Amino acid sequence: MKKIKLIKKQKSSQSTKWMQRHLNDEYVIKSKVEGFRSRSSYKLIEINKKFNIFKKCNSVLDLGCAPGGWLQVAKKMTSEKSHIVGIDKNKIEGISGIDFIQNDIFDPKIENILNNKFDSKIDILMSDMSPNSSGIKSVDHLRIVSLIERVVEIAKIILKSDGFLISKIFQGGAQGELIQIMKKDLHNIKYFKPKSSRKTSSETYLIAKKN
Ligand SMILES: C[S@@+](CC[C@H](N)C(=O)[O-])C[C@H]1O[C@@H](n2cnc3c(N)ncnc32)[C@H](O)[C@@H]1O
């Protein structure tokens, strides 16, 4: 009983610390001021500054787009005519001019849905998804690998040759395996950790072009 109480106390102090850190975070404050739905928006803004991904871009698919910060950036950086689609398991508040599909990217129907959405292959496929953590290292490793495998599978179907793939990946155990998976279908593979990505997080971003 005492142990349970102690764990509960530790958890509540951890979440208070998280909340304090979140509220003091410069990118959280900036996103509120500038009207972005997530602090993640600044990661994509930095990626674009470095790699100029939105130049000549007419079509974008954002996998795991909720709450919609990356979609807002894509909309801002592309022309009125661009076709931007987002997918997420969770619903988002609508963004004018953006198509949203509520679904899991592992749903086998996704291929058909996407082929119906886009008339031709797209310019940018981006993913800021992380798998849910189970707390078990080997399970989490498999989840990360299968998520990236799925992103690459979708890239093979929908992304045009020389189109950009932007994907969150994780430094550490699975990285070598992920690079091998990606090398088969991608070239110009680069890694970039934006300043707005927390130093304590193992996330980094892959920027590559489709073969
Ligand atoms: C970090 S958030 C994305 C934040 C977003 N880039 C933004 O700026 O607002 C990751 C999202 O991926 C979604 N996600 C994770 N796995 C998914 C899956 N298998 N299918 C669809 N969405 C998924 C989660 O629901 C979550 O909303």
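See the structure shown above.
Our subject in this report is the structure included herewith. What you see as residue numbers is a count from 1 along each chain, following the sequence as written. Local features in this predicted model are restricted to residues of pLDDT 70 or higher, and side-chain atom pairs are both shown and tallied only at a pLDDT of 80 or more, whereas totals for entire chains, interfaces and linings draw on every residue. Hydrogen atoms and water are omitted, and side-chain values are computed over all heavy atoms in the structure.

### Some remarks on the nonpolar core
In plain words, nonpolar cores are sets of buried Ala, Val, Leu, Ile, Met, Phe, Trp, Tyr and Cys residues tied together by side-chain atoms within 4.5 Å. Burial classification: accessible surface area is computed with a 1.4 Å probe over protein chains only, and a residue below 20% of its type maximum counts as buried, one above 50% as exposed, and the rest as partly exposed. Within the largest apolar cluster, 32 residues are counted, with the highest numbers of intra-cluster contacts made by L61, L63, I87, L114, L125, I154 and L178. Broken down by secondary-structure element, the contributors of at least two residues to this core are β1 (59-63), β2 (83-88), α5 (110-117), β4 (122-127), α6 (137-158), β5 (159-170), α7 (175-183) and β7 (203-210). Comment: elements are numbered from the N terminus, with helices defined as DSSP H or I runs of at least four residues and strands as E runs of at least two. Of all the elements, α6 adds the most residues to this core, at 9 residues. I47, C57, V60 and M126 belong to the second-largest nonpolar core, a separate cluster that totals 27 residues.

### Let's talk about unusual backbone geometry
Comment: phi is negative for the bulk of residues other than glycine, and the bulk of peptide bonds are trans. Residue A66 is joined to P67 through a cis peptide bond whose omega torsion reads 5 degrees. Structurally, P67 can be placed in the loop between β1 and α4 (69-77). Backbone geometry places K56, a non-glycine residue, at a positive phi of 55 degrees.

### As for the site of the ligand
Put simply, a residue is near a molecule or strand once any heavy atom of it comes within 4 Å of that molecule or strand. Near the ligand, the surroundings consist of 19 residues, among which S38, G69, D88, I105 and D128 are the closest. At 3.4 Å, a backbone N or O of P67 approaches an oxygen atom of the ligand. One nitrogen or oxygen atom from the side chain of D88 is found 2.7 Å from an oxygen atom belonging to the ligand. The method behind every accessible area is Shrake-Rupley, applied with a 1.4 Å probe, and residues are considered shielded solely by the protein chains displayed. Relative to its free-state accessible area of 610 Å², the ligand is covered by the protein chains to the extent of 86%. The classification used treats Ala, Val, Leu, Ile, Met, Phe, Trp, Tyr, Cys and Pro as nonpolar, Asp, Glu, Lys and Arg as charged, and all other residues, Gly among them, as polar. When its residues are assigned to classes, the shell around the ligand shows 7 nonpolar, 8 polar and 4 charged. Residues adjacent in sequence count toward polar contacts only when both atoms are side-chain atoms; beyond that, a polar contact is any pair of N or O atoms within 3.5 Å, and within protein one must be able to donate a hydrogen and the other to accept it.

As far as function goes, none of this settles anything; it's purely spatial.
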